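Understanding the architecture of this molecule
Letter by letter, the chains look like this.
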Amino acid sequence: MSQFTVAIRDNHPAQVVDLNGYLDAHTAPQLEQTLQRLVSDQNYNIIVNFRDLTYISSAGLGVFMAFIEDVRGNQGDIKLAGMSPKVYNVFDLLGFPMLYEIYDDEQQARQRFIERNEAIG
Amino acid sequence: MQNKPNHTICFRQDVPTRTEELNHIREIVEAEALRFGFDEQTAFQLALAVDEACTNIIKHSYGGDPSQSFEFEISTADDSFVISLTDRGKTFNPKGLPQLDMYRYFEQMRRGGLGVHIIHLVMDDVDYTTATNHSNLLRMIKHLQEE
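Residues numbered from 1 in each chain as written. Chains lettered and ligands numbered in written order. Predicted model: local features only at pLDDT ≥ 70, side-chain atom pairs only at ≥ 80, totals over all residues. Heavy atoms only, no water.

1. Here's the deal with the overall build of chain B
The line we're drawing: Secondary structure elements follow DSSP: runs of H or I of four or more residues count as helices, runs of E of two or more count as strands, with numbering from the N terminus. This radius of gyration counts C-alpha atoms alone. The globule rule is 2.2 Å times how many residues there are, raised to the power 0.38. Here's how the labels work: a residue is buried when its accessible area is under 20% of the maximum for its type, exposed when over 50%, partly exposed in between, all with a 1.4 Å probe on protein chains only. For the area figures, the Shrake-Rupley method with a 1.4 Å probe applies, and any residue is considered shielded solely by the protein chains shown. When charges are tallied, Lys and Arg are placed among the positive residues and Asp and Glu among the negative ones, while His and the ends of the chain are skipped. Every charge is mapped to an atom, namely NZ of Lys, CZ of Arg, CG of Asp or CD of Glu.
Within chain B, the secondary structure is distributed over four helices and five strands. Listing each helix as α and each strand as β along chain B from the N terminus yields β-α-α-β-β-α-α-β-β. In terms of overall size, chain B behaves like a compact globule, its C-alpha atoms giving a radius of gyration of 15 Å where 147 residues would be expected to give roughly 15 Å. C-alpha extents for chain B along the principal axes are approximately 45 × 35 × 30 Å. When burial is assessed residue by residue, chain B has 50% of its 147 residues classed as buried. When the accessible surface of chain B is summed, it comes to about 7,200 Å², and 46% of that surface belongs to carbon and sulfur atoms. Charge-centre separation for chain B: the mean point of 14 positive side chains lies 6 Å from the mean point of 23 negative side chains.

2. Side note on the nonpolar core
One broad trend across soluble globular proteins is that nonpolar side chains are buried collectively. Cut-off, in case you're wondering: Nonpolar cores were defined as sets of buried Ala, Val, Leu, Ile, Met, Phe, Trp, Tyr and Cys residues, with membership established by side-chain atoms within 4.5 Å. Only heavy atoms enter the contact rule, under which two residues are in contact if any of them lie within 4.5 Å.
If you look at the biggest cluster of nonpolar residues, it comprises 74 residues, and the most contacted ones within it are F50 and F64 of chain A together with F72 of chain B. With 11 residues, the single largest contributor to this core is helix α2 (residues 40-61) of chain B. Setting aside residues up to four positions removed in sequence, F72 of chain B forms contacts with F11, R12, Q13, V15, I25, I28, V29, V50, I83, S84 and L85 of chain B. Of all hydrophobic cores here, the second largest spans seven residues; its members include A14, V16, A109 and F113 of chain A.

3. Regarding the packing of aromatic side chains
The following threshold applies: Pairing of aromatic side chains here covers Phe, Tyr and the six-membered ring of Trp, requires ring centres within 6.5 Å, and sorts the geometry by plane angle: under 30 degrees stacked, over 60 edge-to-face, intermediate tilted. By the criterion adopted, a ring carries a charge over it if an Arg CZ or a Lys NZ lies within 6 Å of its centre and within 35 degrees of its normal.
Evaluated as defined, the whole model comprises 11 aromatic pairs over all chains. When the ring of F64 of chain A is compared with that of Y100 of chain A, the centres are 6.5 Å apart and the planes differ by 70 degrees; the resulting orientation is edge-to-face. Taken together, the residues F64 of chain A in helix α2 (residues 58-73) and Y100 of chain A in the loop between α3 (85-93) and β5 (102-103) connect sequence positions 36 residues apart. For the ring pair F38 of chain B and F81 of chain B, a centre distance of 5.6 Å and an interplane angle of 80 degrees mean the geometry is edge-to-face. Here F81 of chain B lies in strand β3 (residues 80-87) and F38 of chain B lies in the loop between α1 (22-36) and α2, a separation of 43 residues in the sequence. Comparing F38 of chain B with F81 of chain B shows no difference in burial state: the two are buried. Feature note: the residues F50, F64, F91, F96 and Y100 of chain A constitute an aromatic cluster, connected by ring pairs. Over the ring of Y100 of chain A we find R72 of chain A, and its NZ or CZ is 5.8 Å from the ring centre. Lying over the aromatic face of Y55 of chain A, R26 of chain B brings its terminal NZ or CZ to 4.0 Å of the ring centre.

4. Quick word on unusual backbone geometry
Residue and element names in this part refer to chain A. The omega torsion across H12 and P13 is 10 degrees, close enough to zero to call that bond cis. When you line up the elements, P13 lands in the loop between β1 (4-11) and β2 (14-23). Even without a glycine there, the phi angle at Q42 is positive, about 60 degrees. In this structure, Q42 sits in the loop between α1 (28-40) and β3 (45-56).

5. Digging into the sheet that holds strand β4 (residues 125-130) of chain B
Residues and elements named next belong to chain B. So the rule is basically this: Paired strands, in this sense, are two strands between which DSSP finds at least two bridges. Axes here mean lines fitted to C-alpha atoms, for a helix over just the part in contact, with angles spanning 0 to 180 degrees between N-to-C directions.
Reading across from one edge, β1-β2-β3-β5-β4 is the order of the five strands in this open sheet, with antiparallel pairing throughout. Only two strands of the sheet have a single partner each, and these edge strands are β1 (8-16) and β4. Direction aside, the axes of adjacent strands within the sheet are offset by 15 degrees on average. Here eight bridges tie β1 to strand β2 (residues 69-77), and the two strands are oriented antiparallel to one another. Bridged to T8 within β2 is T76. α2 contacts β2, β3 and β5 (136-143) of the sheet and is inclined by roughly 10 degrees relative to β3.

Rendered as structure tokens:
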């Protein structure tokens, strides 16, 4: 059984990070490497798709904190989408909806990037 | 609490100080919490809090040394669900840390330190003692009736 997988997929104008399995202190370094690669390649429009993620601990939350400032500083964003109620509850417990945009699904998050791009022109 | 006649040990195990053990620990906590009568949401949160405490022991008390172990125990007494973690690593008292202000946390774009905050949010009581033999005992209690 695979504990955690992370994959990158293009969904213009954003790059989608698909998470699968559980995200804890053991698996968080894999996500960190993936986000590091996106940011190093100057991809700043990032959607994290939580649809197949069953669990997250603070080690996983910390990864998003590590990149959000850099990404927003480059006019991008990390938008979160498709969380199960249990995973959303962990974000909510700590007040993360104050800092991150959280959408029901990937397409809603993508639409926000499109609207933002149109507004900028 | 340990002297109460109805104190029951549900589970006890020596756990290697490796992060790959966390999933196993969460599964046990969740199953025992459900069996004790907590709802699914609370059982999930209890597993999260214990994950955070174990992660702190592995990363901070033992500094990531994977060759050590700590004792993990679940017990119950009346309406109390008690998780006890005993380690012989560096003393790390989560009670000694100030409560996090999440507004300031986000303003400062900080990272880390959330685990202890989660433990306090989820648990009703958190107790930390260091014995003269240098073992640290973290006891986390959730009451069934205060849900």
